[in-house]
Amino acid sequence: MLIGFTRSFPPLEMLSPEEMESIHRGALYVLEKTGMEIGHPAARQQLADAGCSVDVETERVRFPAWLVEDCLRKVPTHFRLRARNPEQDLMVGGDTLYFMQGMGMQYLDLETWETRPATGAEHRDAMIVADALPNVHLAEAWEIYTDRRGIPPVMVMLENLANGIRYSSKVQVAGNIQDTEIFAIMMAQAAGIDLFPEIEHASPLTIHAGGVNAAYRYMDAAMPICPALGVAMGAAGPATIAGSLVLQVAETMGWAVLTQTYRPGAPIAIHHGAGALDMRTGIDIWGGPAVSVSTAMMNQILRRYGIPIWSNAGFASDSKKIDFQAGFEKSTGALMAALSGGHLQLFQGGSSTELLFSPELMVMDDDVAGWIGRVLQGAQITEETLAVDVINEVGPIPGHYLGHAHTREFWNKEDYFMAVADHEPYSAWLTTGKKDMLSRATEKVAEILASHKPMPLSDAEQEGVNGALNEARDHYRSKGAISDADWSNYMNELKLEENDRLATA
Amino acid sequence: MSERTLTDLAKAVQEYDGDQAALLAQQALDEGTEPVAILDALTACIREVGDAFGAGDLFLPELVGAADAMESAMPIVVAALKAEGTTRTSAGKVVAGTVAGDIHNIGKSIFCTLLTADGFEVIDLGIDVGVDKFIATVKEEEPDVVAMSALLTITAQEQQNVIAALESAGMRDDLKVIVGGGAISQRFAESIGADGYSPTAPGGVTLVREMLG
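A short tour of the structure in this document, coming up. Here the structure is a predicted model, which is why all the values come from computation and not from measurement.

So, about the overall build of chain A. Along its length, chain A carries 18 helices and 22 strands. Rg of the C-alpha trace for chain A: 24 Å, near the compact-globule value of 23 Å for 505 residues, within the 12% margin. Judged by the C-alpha coordinates and their principal axes, chain A covers about 85 × 60 × 50 Å. Burial analysis of chain A (505 residues in total) assigns 55% to the buried set. Excluding contacts between residues fewer than 6 apart, the proportion of contacts in chain A whose partners are at least 24 apart in sequence is 74%. Entry remark: accessible area of chain A is about 20700 Å², with carbon and sulfur atoms responsible for 56%. For chain A, the distance from the average site of its 38 positive side-chain charges to the average site of its 65 negative ones is 2 Å.

Spelled out as structure tokens, the structure:
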């Protein structure tokens, strides 16, 4: 039985068919007239061979509409992702939504509300909590704590991913920085899993060589890829939602052609969601309504193309604290993405744009994910659930339903029971320490860490993952990407992590 | 010399009309206005726009529009200054770029625009700028400040590589190095030997102003 939340009603559609057609035509015209800059000679040649017009000097590739439409049709509507635990395998696409635990560079200190680089133990613990939470379907190990104490920046993706593979048996997301995907693929193959890699893209209308190389390497390893479009309205994209949709659709089409002419049928998803730029500070606003509207509309368009969707709305709030703003911005955004047919939702634990990640927030957000998942499932309308006979049988007061067999059968199927949201009676709340959701979540994190044991890697798998890591460490050191001083800090930090692991075990 | 032309030039900049600004700069020169006077007029005008942005009366689209219009007129004025053997005076010269491996443009562009609006001469090297490019530009332009941006933690290390290269080339002591971007902190800036750090573009301008005093 596949995990995930399956929507039982038609998705929210904010665009009329005519409006969708205007956006589609606009994007085709942009790709044919202006095209994209693609900084990868072999990719340009491949696109020229497929029928694009290529200007060698400006690295500009212009795409004919027939080729775009042909390639859009070739993109698979679904793809499978293998997890370490087969019960956690995913089938992305259709009407099913999966939640991924969120991203955030630094650890949030709940005493001061300030952030700082995370230790290896904190990263490991975050992965264990993510592994235990019922509504985290993909573990996004690499994008939490990208600021790890003592870890050289070039090694962060790989060290984080290795922790993800060790301490979670769920599907892993990966990235690409300075060719690190080569080692990420080695690790995944050693553990017998697929990665779901997010590929770097530069809006507007630009793909750099690093992104193409990573896309090719992951596709060669038969893994799906997910280009991340980075349109900020008014900066890297038009200030209007409609214009940002045209741009994002054009970029989607560009990626469809690039991938489908490289490997027809290669599975891709598109990570999108245009936020408005705050014109006073120059910072993206992720919690505003614009990103929700843009996400819902783009989801509708991607569904028309049958391209699986990673939607952005709700992935983070702009609040620096775990507070009302964080709660409403994340929840409303994620709900809009879910209702409009998003397939993958970056969600639990990240906030303050991309700055912080908190295991406590992850536990709280997991309640929201369960809530949204329950909403997507709607209500079953059958003869039995309609309960006409039961209503007739119980009749008016003093009749009631508490003792009825129908209630015993259905009461715990119709609502979602949250783990840490406060639903205590007031009188009980007064006597149990007046706990709010955050204090309950803090207790829950401690409880999970004391009791949850992730599925262990076999010795061979462990060896394969460690071998790939060691190879990467040597490679980047010999390339000069890690200085001698950094190397010594790095080795010390790994020793501390190992000591902590042994002490905890 | 026509005061009227300079007034019209300022108006063109404030109406974001680069073509008109370039025409009026040329017209002012043709009328015999000193290049320095034209430069002063442009600087005063953009500073006014910058102040209005600082006060919250104008927003980034207006600020960037006005700075772009000013930039359209600048080559004409700079060429005239050069022809008469005068060098451009400014509050200071800044070389800025997003480091290698990082393709984020917006924060750095805003920083450059704000600096221009504050009267600085800015050389924007763009994105994904390698160590060699930074070094070559510093050699050629002799700036007062090198400003590097990195949005990704993973590329922040490149800032350190540039500082190390400036040191090896013997150029580190002659200039200030500042770093910025979402991925880094004061702590990181200190650890790589930068002279200053700002997480935001407006903060970066304040930093440059304070440094060059």
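On to the packing of helix 10 (residues 324-339) of chain A against helix 11 (residues 359-377) of chain A, then. Two quantities define a packed helix pair, namely the angle between the helix axes and the distance between the axes. All names here are of chain A. Where helix 10 meets helix 11, the axes come as close as 10 Å, and the angle between the chain directions of the two elements is 35°. Seen along the crossing, helix 10 lies across helix 11 with a hand that is right-handed. On helix 11, the residues touching Lys330, Ser331, Ala334, Leu335, Ala338 and Leu339 of helix 10 are Leu361, Asp365, Val368, Trp371, Ile372 and Leu376. Among the residues forming the contact of helix 10 with helix 11, the class breakdown is nine nonpolar, one polar and two charged.

What follows concerns the sheet that holds strand 5 (residues 196-198) of chain B. All names here are of chain B. One open sheet holds the five strands; their spatial order is 2-1-3-4-5, and the pairing between them is parallel. Of all strands in the sheet, those bounded by a partner on one side alone are strand 2 (121-124) and strand 5. Direction aside, neighbouring strands of the sheet carry axes that sit 20° apart on average. The sheet strands contacting helix 5 (residues 106-117) are strand 1 (93-98), strand 2, strand 3 (145-149) and strand 4 (176-180), and the helix crosses strand 2 at an angle near 160°.

Attention now goes to the side chain of Asn163 of chain A. Residues and elements named next belong to chain A. By the element assignment, Asn163 lies in helix 5 (residues 153-167). At 3.1 Å, the side chain of Asn163 forms a polar contact with the side chain of Arg166. Apart from residues lying up to four places away in sequence, Asn163 is in contact with Gly120, His123, Arg124, Met127, Arg148 and Ser168.

On to the sheet that holds strand 9 (residues 114-116) of chain A. All names here are of chain A. An order of 9-8-22-21 is seen for the four strands of this open sheet, with the pairing classed as mixed. At either end of the open sheet lies a strand with only one pairing partner, and these are strand 9 and strand 21 (350-351). Examined bridge by bridge, strand 8 (residues 106-109) and strand 9 share three bridges and lie antiparallel to one another. Its bridge partner lying in strand 9, Leu108 is registered against Thr115.

A common way to express how large an interface is: the accessible area buried when the components associate. Facing the 22 residues of chain A at the interface are 17 residues of chain B. The junction of chain A with chain B conceals about 1800 Å² of combined surface from both sides, 66% of it contributed by carbon and sulfur atoms. On the chain A side of the interface with chain B, the three residues burying the most area are Pro153, Met279 and Arg280 of chain A, jointly 33% of the side's total. Counting the contacts that link chain A with chain B gives zero salt bridges. Remark: the boundary between chain A and chain B carries one residue pair in polar contact (both at pLDDT 80 or more). Split into classes, the residues belonging to the side of chain A that touches chain B amount to eleven nonpolar, six polar and five charged.

Rules used throughout
Residues numbered from 1 in each chain as written. Chains lettered and ligands numbered in written order. Predicted model: local features only at pLDDT ≥ 70, side-chain atom pairs only at ≥ 80, totals over all residues. Heavy atoms only, no water. Helix = DSSP H or I, 4+ residues; strand = E, 2+ residues; numbered from the N terminus. Rg over C-alpha atoms; globule rule 2.2 N^0.38 Å. Buried < 20%, exposed > 50% of the residue type's maximum accessible area, 1.4 Å probe, protein only. Contact = heavy atoms within 4.5 Å. Areas by Shrake-Rupley, 256 points an atom, 1.4 Å probe, with all protein chains shown as cover. Lys, Arg positive; Asp, Glu negative; His and termini not counted. Charge placed at Lys NZ, Arg CZ, Asp CG, Glu CD. Axes fitted to C-alpha atoms, helices over the stretch in contact; angles between N-to-C directions. Left-handed = near helix turned anticlockwise from the far one by under 90°. Nonpolar A, V, L, I, M, F, W, Y, C, P; charged D, E, K, R; others polar. Pairing = 2+ DSSP bridges. Polar contact = N/O pair within 3.5 Å; in protein donor to acceptor, adjacent residues only side chain to side chain. Buried area = accessible area lost by both parts, 1.4 Å probe. Salt bridge = Lys/Arg side-chain N within 4 Å of Asp/Glu carboxyl O.

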